[in-house]
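A look at the structure
If you want the building blocks of each chain, they are given just below.
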Amino acid sequence: MPTSQEIAQLRADLVQTTTLMNQSLTLHSTWGLFSPREIDEGTRLLMGFLDAPKPGQTIVDLGCGYGPIGLALAKAQPKAEVILLDKDFVACAFAASNAQRNHLGNVVVKPSNGLDALLGQHVDRIVSNVPAKVGKEMWSIMLWDAAEALNPGGDIWFVSINGLRDYFKRTFKEQFGNYEKIKQGQNYTIHRAIKS
């Protein structure tokens, strides 16, 4: 049985300093959130291929967790608006505090089931390290909502475990009429589609 001191230590924020998109970030996280101690392999793969937003663009980090993807995008282009969405209120709280901690005034964090919180807003890019365990029903909702939310010419970037690559190839083609495999790594694949 752990002692009260050990439990207090487990409750303390997990802190990391990392570099994504050539941007240095200090990120706090906690047990129970995805990959709380370090940036996971899928996120690192995605961020190695994603370009910085353009000034004036609106970007969504869907399933943001404590914020590494969205905050790196926001820091890479301070004149873009970056919206971080997650269904987990603890993740949203950490993402919001990490935005403040890194002095990012171009970030909005909202609790959301998929893209529900956008409320008809249109965006230029949607990025996600897709949660593998939410199931095909939720992915279907996410892709439908993404197609509705994206401006014409806007794009969607998902990184997923390799076991889902055929599913996302098929469903991106069905939903958007196009698909590009950006990179397949040892364990993860980056998928992209453009809204025509």
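An account of the accompanying structure is given in this report.

1. Observations concerning the nonpolar core
- By size, the foremost hydrophobic cluster in this structure holds 31 residues, and its most contacted members are L46, M47, L71, L73 and V127.
- The greatest single-element share of this core, amounting to 5 residues, is contributed by helix α3 (residues 68-76).
- Once residues lying within four places of it in the same chain are set aside, the contact partners of L46 are I69, V127, S128, W157, V159 and I190.
- Grouped together as the second largest cluster of nonpolar side chains are 27 residues, I83, L85, I126 and L143 included.

2. Regarding the pairing of strand β6 (residues 123-129)
- Most of β6 is tucked away, with 6 of its 7 residues classed as buried.
- Looking at chain direction, strand β3 (residues 58-62) and β6 are connected through 3 bridges and run parallel. Across the sheet, V60 pairs through a bridge with I126, a residue of β6.
- Alignment of β6 against strand β7 (residues 150-161), held across 6 bridges, turns out to be parallel. Of the residues in β7, the one forming a bridge with I126 is I156.
- Note on the crossover from β6 through helix α5 (residues 136-149) to β7: the handedness is right-handed.

3. Topic: the packing of α5 against helix α6 (residues 165-176)
- Their axes nearest at 10 Å, the elements α5 and α6 cross at an angle of 35°. Pair α5 / α6 crosses with right-handed handedness. In this structure, α5 contributes K136, W139, S140, L143, W144, A146 and A147 to the contact, and α6 contributes Y167, F168, T171, F172, Q175 and F176.
- Across the contact of α5 with α6, the residue classes break down as 9 nonpolar, 3 polar and 1 charged.

4. Considerations on the sheet that holds strand β9 (residues 188-194)
- Across the sheet, 7 strands lie side by side as β5-β4-β3-β6-β7-β9-β8; this open sheet has mixed pairing. Both edges of this open sheet fall to β5 (107-111) and β8 (180-184), since each of them pairs with a single strand only. Across the sheet, the mean angle from the axis of one strand to that of its neighbour is 15°, orientation sign disregarded.
- Looking at chain direction, strand β4 (residues 81-86) and β5 are connected through 5 bridges and run parallel. What sits directly across from D86, in β5, is P111.

5. Focus: the environment of F94
- As for its placement among the helices and strands, F94 is situated in helix α4 (residues 89-101).
- Judged by relative accessible area, which is 13%, F94 ranks as buried.
- Sequence separation of F94 and V109 is 15 residues, and the distance between their C-alpha atoms is 9.7 Å.

Thresholds applied
- Residues numbered from 1 in each chain as written.
- Predicted model: local features only at pLDDT ≥ 70, side-chain atom pairs only at ≥ 80, totals over all residues.
- Heavy atoms only, no water.
- Core = buried A, V, L, I, M, F, W, Y, C linked by side-chain atoms within 4.5 Å.
- Buried < 20%, exposed > 50% of the residue type's maximum accessible area, 1.4 Å probe, protein only.
- Helix = DSSP H or I, 4+ residues; strand = E, 2+ residues; numbered from the N terminus.
- Contact = heavy atoms within 4.5 Å.
- Pairing = 2+ DSSP bridges.
- Right-handed = clockwise from strand over helix to strand, strands pointing away.
- Axes fitted to C-alpha atoms, helices over the stretch in contact; angles between N-to-C directions.
- Left-handed = near helix turned anticlockwise from the far one by under 90°.
- Nonpolar A, V, L, I, M, F, W, Y, C, P; charged D, E, K, R; others polar.

Everything listed here is a matter of coordinates, which is why it stays silent on function.
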